[in-house]
Amino acid sequence: MVGGGQLARMTHEAGIPLGLRFKLLSDTPQDSAAQVVSEVVVGDYRDLDTLRDFARGCDVITFDHEHVPTEHLRALEADGIPVRPGPAALVHAQDKGVMRARLTEIGAPCPRHRIVADPADAAAFAAEVGGFPVILKTVRGGYDGKGVWVVRSEADAAEPFRAGVPVLAEEKVDFARELAANIVRSPHGQAVAYPVVESVQVDGVCDTVIAPAPDLDERLAGEAQQLALRIAAELDVVGHLAVELFETRDGRILVNELAMRPHNSGHWTQDGAVTSQFANHVRAVLDLPLGDPRPRAPWTVMCNVLGGDYPDMYQGYLHCMARDPQLKIHMYGKDVKPGRKVGHVNTYGDDLADVRERARHAADYLRGTITE
């Protein structure tokens, strides 16, 4: 696995029951997954020689992020190393311009968009879609709200162009809420779809995920799942694919982003689904039969735990576990820093209001936002 973050850590955990041996390419020995994987190579994934040395002897390569240069992945394939997802698929998660062009080509519903050259061109695009505000995104390198700007005037549009990479302009969608359709697809084309979830963002970062999305029209839920499955097939994705969606106020869905790896919107599956996203990603990468994606309970809620006032989580554990014996806590082994994702909690049950309150209380207590 290339990348030593929490996604690699949890994917490694899912592989343990199968007796899999993981080798990890990590930025530092302190990274989340590097703390738990036995064979760790510390190196720069952007260096082709480092990547080739790491891949030697591996049966298959997969990722916990999309940032490995596309040309490096093609070189690994030329060396005979299976890369899953492959570079021809992964480029659609690496480059937002490529993604939008391909999704438009296959008829997937997207916000209006185009590549813009400078602030004046961004203003011209705004005029085309009904005026400011519009969204500007650097085509590569953005995540968790980084590389994304809400632009309200031409003068406001200068910052995105300073990065020296192409900039994608998109209309600002008047959406009712954000959804995510998570699917997993294997090399031989088997695919499974998880229930469509609601994803609640705070300051551009995922805060809460509700599975399934409450009050989602059954027709629209099926449409979202079918769309995600079709995108995976058209792009030849292998492994987990998250299709982040806008649900518009007039009852449509539009594709916002793609992620070709386990995803924050699928963390609920660790405790709320028969087979987690991490276990199914492992199965897909190894071309094993995929597991049942159905939920175990009527409702599951995931809340991210962000770094706050408690550098030592142990005291928080005492309160949260005593208050809610069914609570599932997943911490990433990260140093606690304000605003940093350091873990998540999962709750489940029959009553959505109760399940949401339990998850919210635990996440806030672990962060130190509440103290009782």
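So, a few notes on the structure that sits alongside this text. Each chain has its residues counted from 1, running along the sequence as written. Local features in this predicted model are restricted to residues whose pLDDT is 70 or higher, and side-chain atom pairs enter the listing and the counts only when it is 80 or higher, whereas totals over whole chains, interfaces and linings include all residues. Computation of side-chain values covers all heavy atoms of the structure but excludes hydrogens and water.

Moving on to the pairing of strand 1 (residues 23–26). In this scheme, a residue with accessible area under 20% of its type's maximum is buried, one over 50% is exposed, and one in between is partly exposed, where area comes from a 1.4 Å probe on protein chains only. Strands are runs of DSSP state E lasting at least two residues, helices are runs of H or I lasting at least four, and both sets are numbered from the N terminus onward. Neither face of strand 1 is exposed, since K23 and L25 on one face and L24 and S26 on the opposite face are all buried. Pairs of strands are assigned from DSSP output, requiring at least two bridges between the strands. Here strand 1 pairs with strand 2 (residues 39–42) via four bridges, running parallel. Bridge pairing in strand 2 links L24 to V40.

What follows is about helix 4 (residues 87–94). Taking burial as the measure, the eight residues of helix 4 include seven buried ones, the bulk of the element. Along helix 4, the residues classified as buried are P87, A89, L90, V91, H92, A93 and Q94. Should any heavy atoms of two residues lie within 4.5 Å, those residues are considered in contact. Along its buried surface, helix 4 packs onto helix 3 (70–78), helix 5 (96–105), helix 7 (218–235) and strand 12 (253–259).

Each reported salt bridge corresponds to a side-chain nitrogen of Lys or Arg within 4 Å of a carboxyl oxygen of Asp or Glu. Taken as a whole and judged by the stated rule, the model has 27 salt bridges. Between D95 and R140 there is a salt bridge whose closest N-O contact spans 3.3 Å. A residue pair is termed long-range when its members are at least 10 positions apart, and D95 in the loop between helix 4 and helix 5 and R140 in the loop between strand 4 (134–138) and strand 5 (148–151) qualify at 45 residues. Between R100 and E170 there is a salt bridge, with the nearest N and O atoms lying 2.8 Å from each other. With R100 in helix 5 and E170 in strand 6 (residues 167–171), the pair connects residues that are 70 residues apart, well separated along the chain. E170 sits in the buried class, given a relative accessible area of 3%.

Glancing now at helix 9 (residues 277–285). At 3.6 residues per turn, the α-helix brings residues three or four places apart onto the same side. In terms of burial, helix 9 is a largely internal element, eight of the nine residues being buried. Lining the buried residues of helix 9 we find helix 1 (6–15), strand 7 (175–185), strand 8 (191–193), strand 11 (239–248) and helix 8 (269–272). Following helix 9 by one or two positions, D287 adopts a phi angle in the positive range, close to 55°.

The omega torsion across R84 and P85 is 0°, close enough to zero to call that bond cis. For P85, the location among the structural elements is in the loop between helix 3 and helix 4. We note that D236 has phi near 60°; this positive angle belongs to a residue other than glycine. Within the element layout of this structure, D236 appears in the loop between helix 7 and strand 11. In this structure D236 comes out as partly exposed when scored by relative accessible area, which is 47%. The phi angle at D287 is positive, at roughly 55°, despite the residue not being glycine.

Among the structural elements, G189 can be located in the loop between strand 7 and strand 8. Distance from G189 to Q35, taken between C-alpha atoms, is 34 Å for residues 154 residues apart in sequence.

With that settled, consider the side chain of T347. Within the element layout of this structure, T347 appears in strand 15 (residues 341–349). Only 2.9 Å separates the side chain of T347 from the backbone oxygen of V355, close enough to count as a polar contact. Residue contacts for T347: discarding those within four places in its chain leaves W299, T300, V301, D324, L327, V355, R358 and A359. Two N or O atoms count as a polar contact when they lie within 3.5 Å, although within protein this holds only if one can serve as hydrogen donor and the other as acceptor, and sequence-adjacent residues are included solely when both atoms are side-chain atoms.

Here a pair means two rings of Phe, Tyr or Trp (six-membered ring of Trp) with centres within 6.5 Å. Their orientation is stacked below 30 degrees between planes, edge-to-face above 60, and tilted elsewhere. Within this structure, the stated rule accounts for two aromatic pairs. Between F175 and F246, the ring centres sit 4.7 Å apart and the planes meet at 20°, which makes this aromatic pair stacked. Highlighted residues: F175 in strand 7 and F246 in strand 11, separated in sequence by 71 residues. The class for F175 is partly exposed, based on a relative accessible area of 28%. The exposure class assigned to F246 is buried, which follows from its relative accessible area of 10%. Here, a charge over a ring is recorded when the distance from Lys NZ or Arg CZ to the ring centre is within 6 Å and its angle to the ring normal is within 35 degrees. Here R46 stacks its cationic end above the ring of Y45, 5.7 Å away from the centre of that ring.

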